[in-house]
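If you want the building blocks of each chain, they are given just below.
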Amino acid sequence: RRPGRRSPAMEQWLAVTRGAATLPRLLLLASAWRWAAADAFGGYSLVESYVGPEFFSKFHFWTGPDPSHGTVDYTGYEEALARGMLRASDAEVYMSVDAVETIPVGEGRRSIRIQSRNAYNAGLFVLRLSHAPTGCATWPAFWMYGEDSLHSWPTWGEFDIIEGVHQQSHTRTTLHTAPSCTQEAIIEGEDFGGHWEGGSDKKAANICDVDAPDEFANQGCSQRGPEGSFGAGFNRNGGGTFAAEWDPVEGHISTWFWPVGEEPLDLQPNSGASPLPELWGKPFSHFKLHPMDCPPQHFLNMRLVFNIDFCGDYADSVWGQGCPELAKRMTCMEFVAGHPEEFVEAHWTISGLDVFQKSGPLPANLGERIIFDFKGAQPPAKPAPVQQTAARFIAMMLLICGLSGMAFFTLVEHRRQQQYNEIGMTDGRPGWPSAQRSMELVVAEVQAAGERLQTWISVALGSRTGNAGQQRHRVGMAPFVTPQEDARARTCGAQSWEDPRRQSWFG
């Protein structure tokens, strides 16, 4: 640079640090350098800040049966709003369950499950909570999964960022996949600060396949978070911040937790900083994405989900362990039905949900970083095959040429008939059709040719339908014979053609 000119980064450092004491100045200088480095080398940028009055407009409400077979009735937006089960403001978002009504045993208690309209194939997801659902029979989670009508779960994977059950005081982070995803190379205490959950064989549950042997049904590969990262103690302490980094290019899925007030400077609200996860220290959960162990294609097109379930496949199976005194007197289902007062703590209070993305596209086989308004319940649009595109082009050219030729022949025939009339070949002359009859025959010919062309186009595009008799005109089968052709043949056969020149036009 020319002498006397400061770089934009230097201007930022001076603006941030001007007037500060020596030690704070150094800290701020280091922070400014991190922001500048992140911007210069493709770091994270904020792309979505969910919390606000429009929070629920960015999510779909799940109102179908619970795939996890819980004692739950997932409620739509209008009913949940009318019952006071949800609200959103600039400061926070609140979602709860029905903690008022007693319900018949066997019916589901009203609750919330929402999933984002956008789907993701990478990103840094930062969640700030001041309260997480807790209590016996509850099974809350903040998670991601991919699915559409052509790709059933777990083809596109599931990433449970935080999850708890009953009165647990720690969170759990889990991957659920199809076969061929293992985390056996990930070492507890070295690669992550948490602990492996045990499988049915009491060994580390480090196989992510939902049907893995020596693991509980649909357990996946599961790691336990630090004490105080969930449950009543988490809420008493004012909550905390979770950050989940899913980076298929670098090859990992990692999750961090900080109690409230202990999060890094670049994650503090309104900091404006670009997060640098590599400076956050060891995550409590870490999984490796690698072609030899767990290909990143196991996780595609995943949406963000919040829900609060009751009992179900997981919570019901550990009912006796999680709430032993209650389990002596009643089942999980009976407890949910008859004790609404026990669920006043079953609610989410979210003070922040931010999504950050790196610059630049992902490799083609990993999709777009963000798929806006993802239609998960519908199959994705398919590009037209090359053969079909070629057939459409050929059919269009045939149509244009055919119509042009028909117009030309019609004009020539009309002109020739006028010439016949001019030289005395009147309508009453024996053996010659009248001008009106001649034109009728030409029109019939044009209509018949048009129908044949339309049939050829339909066959080329594969759009003809109907029974076998209606499809007898396919290429390579019986020749085309239309009702118009039959009528024309009978009409032409009744004429006496004295001039052989006519046969080149009419038959």
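Everything below is about the structure printed above this text.
Residues numbered from 1 in each chain as written. Predicted model: local features only at pLDDT ≥ 70, side-chain atom pairs only at ≥ 80, totals over all residues. Heavy atoms only, no water.

A. The overall build of the chain, seen in detail. Secondary structure assignment for the chain yields twelve helices and 19 strands. The burial tally for the chain puts 45% of its 507 residues in the buried class. Relative to all contacts within the chain whose residues are 6 or more apart in sequence, the contacts with residues 24 or more apart total 73%. Accessible surface, the chain as shown: approximately 25,700 Å² in total, 56% of it carbon and sulfur. (Helix = DSSP H or I, 4+ residues; strand = E, 2+ residues; numbered from the N terminus. Buried < 20%, exposed > 50% of the residue type's maximum accessible area, 1.4 Å probe, protein only. Contact = heavy atoms within 4.5 Å. Areas by Shrake-Rupley, 256 points an atom, 1.4 Å probe, with all protein chains shown as cover.)

B. Representation of the pairing of strand β5 (residues 93-96). Along β5, one buried face is formed by Val-93 and Met-95 and the opposite face, lined by Tyr-94 and Ser-96, is buried too. Judged from the three bridges that link them, strand β4 (residues 86-88) and β5 form a sheet pairing that is antiparallel. Residue pairing for β5: Leu-86 is matched across the bridge by Met-95. Between the antiparallel neighbours β4 and β5 lie four residues. Both β5 and strand β18 (residues 347-358) contribute to a ladder of four bridges, which runs antiparallel. Looking at the pairing, Val-93 lines up with Ile-350 of β18. (Pairing = 2+ DSSP bridges.)

C. Focus on the state of the cysteines. Counting across every chain of the model gives four disulfides. Disulfide pairing places Cys-136 opposite Cys-323 at an S-S distance of 2.0 Å. Between Cys-136 and Cys-323, the S-S torsion sits near -110°, and that sign places the bridge as left-handed. Of this pair, Cys-136 sits in the loop between β8 (123-131) and β9 (138-145) while Cys-323 is found in the loop between α6 (319-322) and α7 (324-327), placing the two residues 187 residues apart along the sequence. A sulfur-sulfur separation of 1.9 Å characterises the disulfide bridge that pairs Cys-208 with Cys-221. (Disulfide = S-S within 2.5 Å.)

D. Quick look at the pattern of salt bridges. The full count for this structure, using the stated rule, is 13 salt bridges. Close ionic contact of Arg-83 with Glu-79 constitutes a salt bridge, the shortest N to O distance being 3.1 Å. Taking the shortest distance from any N to any O, the salt bridge between Arg-224 and Glu-197 comes out at 3.3 Å. Of this pair, Arg-224 sits in strand β13 (residues 221-227) while Glu-197 sits in the loop between β12 (195-196) and β13; the two residues are 27 residues apart in sequence, bridging distant segments of the chain. Salt bridges sharing partners connect three or more residues here, namely Glu-79, Arg-83, Glu-101 and Arg-110. (Salt bridge = Lys/Arg side-chain N within 4 Å of Asp/Glu carboxyl O.)

E. Here's a closer look at unusual backbone geometry. Cis geometry is adopted by the peptide bond preceding Pro-154, which originates at Trp-153 and carries an omega value of 5°. Checked against the element boundaries, Pro-154 lands in the loop between β9 and β10 (158-163). Of note in the backbone geometry, Ala-137 takes a positive phi value of approximately 80° without being a glycine. Relative to the helices and strands, Ala-137 resides in the loop between β8 and β9. Backbone geometry places Ser-180, a non-glycine residue, at a positive phi of 80°. Secondary-structure assignment places Ser-180 in the loop between β11 (170-176) and β12. Accessibility expressed as a relative area gives 57% for Ser-180, which makes it exposed.

F. How the structure looks around the packing of aromatic side chains. Within the structure shown, the criterion is met by 23 aromatic pairs. Between the aromatic rings of Phe-192 and Trp-196, the centroid separation amounts to 5.5 Å while the plane-to-plane angle is 80°, which identifies the pairing as edge-to-face. Residue class for Phe-192 comes out buried when judged on its relative accessible area of 0%. Owing to a relative accessible area of 12%, Trp-196 belongs among the buried residues under this scheme. Relative to Phe-257, the ring of Phe-234 lies with its centre 6.1 Å away and its plane at 45°, an arrangement referred to as tilted. Here Phe-234, found in helix α4 (residues 231-236), pairs with Phe-257, found in strand β15 (residues 252-259); they are 23 residues apart in sequence, far enough to count as distant. Across the pair, Phe-257 and Phe-234 agree in class, each one buried. Each member of the aromatic cluster is reached from another via a ring pair, and the members are Tyr-50, Phe-55, Phe-56, Phe-59, Phe-61 and Tyr-77. When the ring centre of Trp-62 is taken as origin, the NZ or CZ atom of Arg-113, which lies over that ring, is 4.0 Å away. (Phe/Tyr/Trp six-rings, centres within 6.5 Å; stacked < 30°, edge-to-face > 60°. Lys NZ or Arg CZ within 6 Å of the ring centre and 35° of its normal.)

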